[in-house]
Amino acid sequence: MSERTEADTVAVEVREAIAWVKFNRPEKRNSMSPKLNRQMLRVLNDLEFRDDVGVLVLTGAGTAWSAGMDLKEYFRETEAQGLKGVRHSQREAYAWWERLRWYQKVTIAMVNGWCFGGAYGPLFACDLAFCSEDAEFGLSEINWGILPGGGASKVAADLMPMRKAMYHALLGETLTGRQAEAAGLVNEALPADRLQERVTEVAKKLLMKNRETLKATKDAMRRVREMTYDSAEDYLIRAQEALNWHDKTDGRHRGMKQFLDDKSYKPGLSAYEKSK
Ligand code: COA
């Protein structure tokens, strides 16, 4: 096929408050080229504060989720431009992963196939991850002479126990979806024909919850990992107080009222009714 336009490297569809965002270079196994990286940041910017979007799902067209960085367009061609080209393309990639890590909406990686190297950046950036049992995950960098950069080493070391992470990085063997689940890279591995159904089910549950509280919670879970207990305790007090201001729907008082006064639900078992 003729070369894909920049705009066509990412596909987006919003259905019932879920934004389905797809890496869309199946002919190159959705490897991340500078064009794709730029387009992904544009797409994320466009969706981030839309009221009709509550949850974002990141998935891939064809047989891959993403085969990592594009060896030709991201590495070889930018290296030919010298340090300026390399740093520029690194910044374009890291920019959208960072945006995704701190995204306003809850994000779910729906890993439908190959997931290699640089793809661990967006994998980690998504708050939750579900994969197909036949997906394959690998830190393949060792197999072509580089170390797992672009955050990939950090992702493996953060998500996996040390021995497993080290083996994964040094051997460059792939993990099946089930093994990735056992290693902590994803929440669940599912049969391919159940994957979208399960992700939709989880997204719909998230849509029932207070959006501001979801954002405060996901940020808290990421921030506290790097804090001492005392710092975390203090951060969480400040974050809750900020949430009280941000949440114009006054969710916590509604929740308390529906439990204590109306006795219409039990917070231990489900979310309060947002429309009441
Ligand atoms: N960078 C650039 N091109 C890539 C790519 C990548 N990361 N991954 C796949 N492609 C391209 C191939 O070069 C091929 O292009 P061509 O049709 O112009 O020859 C096309 O995508 C299809 O790839 P192919 O290898 O034939 O597909 P496959 O389904 O048999 O194998 C993979 C899929 C993912 C196992 C294999 O493509 C692969 O090993 N890719 C590299 C993965 C990697 O190491 N990524 C880490 C980068 S940090």
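Residues numbered from 1 in each chain as written. Predicted model: local features only at pLDDT ≥ 70, side-chain atom pairs only at ≥ 80, totals over all residues. Heavy atoms only, no water.

K.L.:
I tried to follow unusual backbone geometry on my own but got confused; where do I start?
P.N.:
As a rule of thumb, non-glycine residues mostly have phi less than zero, and peptide bonds are mostly trans rather than cis. We note that glutamate 16 has phi near 45°; this positive angle belongs to a residue other than glycine. Along the polypeptide, glutamate 16 turns up in the loop between strand S1 (10-15) and strand S2 (18-23). The exposed category is assigned to glutamate 16, whose relative accessible area is 64%. One non-glycine residue with positive phi stands out, namely arginine 29, at about 50°. Its place among the elements puts arginine 29 in the loop between S2 and helix H1 (34-48). (Helix = DSSP H or I, 4+ residues; strand = E, 2+ residues; numbered from the N terminus. Buried < 20%, exposed > 50% of the residue type's maximum accessible area, 1.4 Å probe, protein only.)

K.L.:
Looking at this model, I keep getting lost on the sheet that holds strand S6 (residues 114-116). Mind explaining?
P.N.:
Across a sheet, strands are paired by hydrogen bonds formed along the backbone, either parallel or antiparallel in direction. Across the sheet, which stays open at both edges, the four strands sit in the order S4-S6-S8-S9 with mixed pairing between neighbours. With partners counted over all chains shown, the strands left at the sheet margins are strand S4 (64-66) and strand S9 (175-176), one partner each. Relative to strand S8 (residues 136-138), S6 runs parallel, the two sharing two bridges. When the bridges of S8 are listed, cysteine 115 appears paired with phenylalanine 137. (Pairing = 2+ DSSP bridges.)

K.L.:
Help me understand the site of the ligand, please; the structure alone is not making it clear to me.
P.N.:
Around the ligand, a shell composed of Glu27, Lys28, Arg29, Ser31, Ala67, Met69, Asp70, Leu71, Trp114, Phe116, Gly118 and Ser140 is seen. Here arginine 29 contributes a side-chain N or O atom positioned 2.9 Å from an oxygen atom of the ligand. Taking alanine 67, its main chain carries an N or O atom lying 2.8 Å from a nitrogen atom of the ligand. If the ligand stood free it would expose 860 Å²; the protein chains cover 59% of that surface. A per-class count over the shell around the ligand returns five nonpolar, three polar and four charged. (Near = heavy atom within 4 Å. Polar contact = N/O pair within 3.5 Å; in protein donor to acceptor, adjacent residues only side chain to side chain. Areas by Shrake-Rupley, 256 points an atom, 1.4 Å probe, with all protein chains shown as cover. Nonpolar A, V, L, I, M, F, W, Y, C, P; charged D, E, K, R; others polar.)

K.L.:
Quick question: what am I supposed to make of the pairing of S1 here?
P.N.:
Strand residues, when the strand is regular, have side chains that alternate between the two faces of the sheet. Across six bridges, S1 lies against S2 in antiparallel orientation. Counterpart to glutamate 13 in the pairing with S2 is tryptophan 20. With antiparallel pairing between neighbouring strands as the criterion, S1 and S2 make up a hairpin whose turn holds two residues, including glutamate 16 at a positive phi of roughly 45°.

K.L.:
Is there a simple way to explain the pattern of salt bridges in this structure?
P.N.:
Two side chains that carry opposite charge are able to pair once their charged atoms sit near each other. For the coordinates displayed, the defined rule picks out 25 salt bridges. Taking the shortest distance from any N to any O, the salt bridge between arginine 15 and glutamate 13 comes out at 2.9 Å. Residues arginine 178 and glutamate 181 are paired through a salt bridge, measuring 3.4 Å at the closest nitrogen-oxygen approach. Taken as a pair, arginine 178 and glutamate 181 lie in helix H7 (residues 177-183) at a separation of three residues, close to a single helical turn. Note on arginine 178: relative accessible area 44%, which makes it partly exposed. Taking relative accessible area as the criterion, glutamate 181 reaches 28% and is therefore assigned partly exposed. Counted as one network, the salt bridges with shared partners bring together Glu6, Arg38, Arg42 and Glu92. (Salt bridge = Lys/Arg side-chain N within 4 Å of Asp/Glu carboxyl O.)

K.L.:
Would you mind showing me how to read the packing of H1 against helix H3 (residues 82-101) here?
P.N.:
Packed helices, taken two at a time, are described by their axes: the angle between them and the distance between them. At a minimum axis separation of 9 Å, H1 and H3 run at an interaxial angle of 30°. Comparing their axes, H3 and H1 come out roughly parallel. The interaxial crossing formed by H1 with H3 has left-handed handedness. For the pair H1 and H3, contact is made by Pro34, Asn37, Arg38, Met40, Leu41, Leu44, Asn45 and Glu48 and by Ser89, Glu92, Ala93, Ala95, Trp96, Arg99 and Leu100, respectively. Of the residues assigned to the contact of H1 with H3, the class counts are eight nonpolar, three polar and four charged. (Axes fitted to C-alpha atoms, helices over the stretch in contact; angles between N-to-C directions. Parallel < 35°, antiparallel > 145°, perpendicular 65-115°, else oblique. Left-handed = near helix turned anticlockwise from the far one by under 90°. Contact = heavy atoms within 4.5 Å.)

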